[in-house]
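The chain contents come next:
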Amino acid sequence: MKTTIDDIAKMAGVSKSTVSRALNGTGYISKEKKVKILELVKIHNYVPDSKAINLSKKKTMTIGLVLPSVAGPFYSEVIQGVEEILSANRYFTIFMTFDENSSEKNRERYISLMSSGRVDGMIIFDPEVNESTVDKVMKFEIPIVYLGEDIHGMNVDTILVDNFNGAYSMTEHLIKIHKHERIAFITGPAQSFDSVERLRGYKYALENHDIKFDPNLVCRGDFTKESGKNAVENCLKNGATAIFAANDEMALGVIEELERKKIKVGKEIAVVGFDDTFWSRYIQPPLTTVHQPMHSIGKMAAKTILDRMNSNDVVKSPMRIVLSTRLIVRNSCGCEISFTN
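Structure report, in brief. In this text the structure is predicted, and so the values were computed from the model without any measurement.

### A closer look at the overall build of the protein
Tallying secondary structure elements over the protein gives twelve helices and 13 strands in all. A burial count over the protein gives 50% of its 341 residues as buried. Per element, the accessible surface of the protein, about 17,200 Å² overall, is 50% carbon and sulfur.

### Focus on the nonpolar core
Core analysis: the largest hydrophobic core is formed by 43 residues, its most contacted members being Ile183, Ile186 and Phe244. Where this core is concerned, the elements lending two or more residues are α8 (163-176), β6 (183-186), α9 (193-208), α10 (225-237), β8 (242-245), α11 (248-260), β9 (270-272) and β12 (326-329). In terms of residue count, the dominant contributor to this core is α11 (six residues). Ile85, Ile123, Phe125 and Val161 belong to the second-largest nonpolar core, a separate cluster that totals 27 residues.

### Brief notes about the sheet that holds strand β10 (residues 289-291)
On the basis of which strands lie adjacent, the open sheet formed by three strands has the order β10-β12-β13 and antiparallel pairing. Of all strands in the sheet, those bounded by a partner on one side alone are β10 and β13 (339-340). The pairing of β12 with β13 spans two bridges and is antiparallel. From the neighbouring strand, Ile328 faces β13, where its bridge partner is Thr340. Against the sheet, α8 makes contact with β10, β12 and β13, and its axis sits at roughly 35° relative to β12, the strand it touches most.

### Describing the packing of aromatic side chains
One pass over the full model with this rule turns up six aromatic pairs. With a centroid separation of 5.9 Å and an interplanar angle of 50°, the aromatic rings of Tyr168 and Tyr204 are classed as tilted. In this pair, Tyr168 sits in helix α8 while Tyr204 sits in helix α9, placing the two residues 36 residues apart along the sequence. Note on Tyr168: relative accessible area 13%, which makes it buried. By relative accessible area, which is 38% here, Tyr204 ends up partly exposed. Taken together, the ring pairs in this structure connect Phe185, Tyr202, Phe213 and Phe244 into an aromatic cluster. Geometry around Phe274 places Arg198 over its ring, the cationic atom sitting 3.8 Å from the centre.

### Describing the sheet that holds strand β1 (residues 62-67)
If you walk across this open sheet you meet the six strands as β2-β1-β3-β4-β5-β11, and the pairing is parallel. The sheet is open, and its two borders are formed by β2 (92-97) and β11 (320-323), each paired with just one other strand. Shown here is a sheet whose adjacent strand axes are inclined to one another by a mean of 15°, direction ignored. Where strand β5 (residues 157-161) lies against β11, four bridges are found, and the strand directions are parallel.

### Remarks on the side chain of Thr3
One can find Thr3 in the segment before α1 (5-12). At 3.4 Å, the side chain of Thr3 and the backbone oxygen of His44 are in polar contact.

### Observations concerning the pattern of salt bridges
Under the defined criterion, the tally for this structure stands at eleven salt bridges. Ionic pairing is found between Asp6 and Lys16, a salt bridge with its closest N-O pair at 3.7 Å. Linking Asp6 in helix α1 with Lys16 in helix α2 (residues 16-24), this pair joins segments that are ten residues apart in sequence. For Arg182, the salt bridge is made with Asp214, and the minimal N-O distance between the two is 3.1 Å. Here Asp214 lies in the loop between α9 and β7 (218-219) and Arg182 lies in the loop between α8 and β6, a separation of 32 residues in the sequence. Residue classification places Arg182 among the partly exposed residues on the basis of a relative accessible area of 30%. With relative accessibility at 16%, the residue Asp214 sits in the buried group. One network of salt bridges, with partners in common, ties together Lys225, Lys229 and Glu256.

### A short note on α9
With 16 residues, α9 should cover 22 Å at 1.5 Å per step; its first-to-last C-alpha distance of 23 Å lies within 8% of that length. Those residues of α9 that sit buried are Phe193, Asp194, Ser195, Glu197, Arg198, Leu199, Gly201, Tyr202, Ala205 and Leu206. Where α9 is buried, its residues contact β5, α8, β6 and β7. The opening residue of α9 is Ser192, an N-cap whose side-chain oxygen sits 3.4 Å from the backbone nitrogen of Asp194. After α9 finishes, the residue Asp210 shows a positive phi value of roughly 55°.

### Some points on unusual backbone geometry
That bond from Gln284 to Pro285 is cis: its omega, -10°, falls within 30 degrees of zero. Structurally, the position occupied by Pro285 is in the loop between β9 and β10. A positive phi is found at Phe223, a non-glycine position, where the angle reads about 75°. Looking at where Phe223 falls in the secondary structure, it is placed in the loop between β7 and α10. The class of Phe223 is partly exposed, set by a relative accessible area of 22%. Phi at Asp275 takes a positive value of approximately 140°, unusual for a residue other than glycine. Mapped onto the elements, Asp275 comes out in the loop between β9 and β10. For Asp275, a relative accessible area of 8% gives the class buried.

Cut-off values and rules
- Residues numbered from 1 in each chain as written.
- Predicted model: local features only at pLDDT ≥ 70, side-chain atom pairs only at ≥ 80, totals over all residues.
- Heavy atoms only, no water.
- Helix = DSSP H or I, 4+ residues; strand = E, 2+ residues; numbered from the N terminus.
- Buried < 20%, exposed > 50% of the residue type's maximum accessible area, 1.4 Å probe, protein only.
- Areas by Shrake-Rupley, 256 points an atom, 1.4 Å probe, with all protein chains shown as cover.
- Core = buried A, V, L, I, M, F, W, Y, C linked by side-chain atoms within 4.5 Å.
- Pairing = 2+ DSSP bridges.
- Contact = heavy atoms within 4.5 Å.
- Axes fitted to C-alpha atoms, helices over the stretch in contact; angles between N-to-C directions.
- Phe/Tyr/Trp six-rings, centres within 6.5 Å; stacked < 30°, edge-to-face > 60°.
- Lys NZ or Arg CZ within 6 Å of the ring centre and 35° of its normal.
- Polar contact = N/O pair within 3.5 Å; in protein donor to acceptor, adjacent residues only side chain to side chain.
- Salt bridge = Lys/Arg side-chain N within 4 Å of Asp/Glu carboxyl O.
- Expected span 1.5 Å × (residues − 1).

So this is what it looks like as structure tokens:
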């Protein structure tokens, strides 16, 4: 017969909760009782029930993952990275996506998930996170990692990519290698931190190469292919010789619209993007873009959560992790050979 916790408790002359405290290292127990219990455990080859241990430690073995969407290559790679680490450590993932029309409702949902004690930690991509939200989140004293937003000053761990230098490198490539001065930029949503940083990198590259910034060459997009298509007319009207879309989805829309207009991409006009989605190398012409390590973002977020739980350091010394980007040069910018910088 398999030895149970009841058997160990009877042999030691203590309660089951005392045996549990000895095994888990939680709560007060005298040294003598602990030694006796552990000796009995060893002699009788008692293997604690993992479910009982998790309950006694108040662990759910579950991490919440909040994303604006699960569609598209960016978020799927983030999910894969998170799952790779968490599943290897026997953790489950609860997914939650945003309602596009109600950011406040979104926050209520993920805050409710934390307050109910159903997760041991949260990985959150909240495009409009604010100090008030972070204050509420931190009260639950579980590990939190925010993705994509630079909120390091709010005493929470953040992981983001170097959008600024990625956009700077791309703009500089168009200027130095292809001699473009009329470079249009299609932004993402106004509230997007990624878009703001990429626009800032674009502007700084123009300034550093003595090219006057023209606000007429900045077109508002929303990271969708359709918004890329819609921006083309304005870009051409203002004399753009190159179009830098703030993500690959919009760049694809730009290319399709230019093809409809019989304008040769890479020959008559340069088109570049940002993300390096898996299909960007297969379209015609292959897309020059900025690679951001989407899979690594997910892995790093999961590792950070687990490290916090293992160290019992939930809110002290928050980390700001910035992952590097790489310039991926293909043919849509006018280059005849492909290379990575």
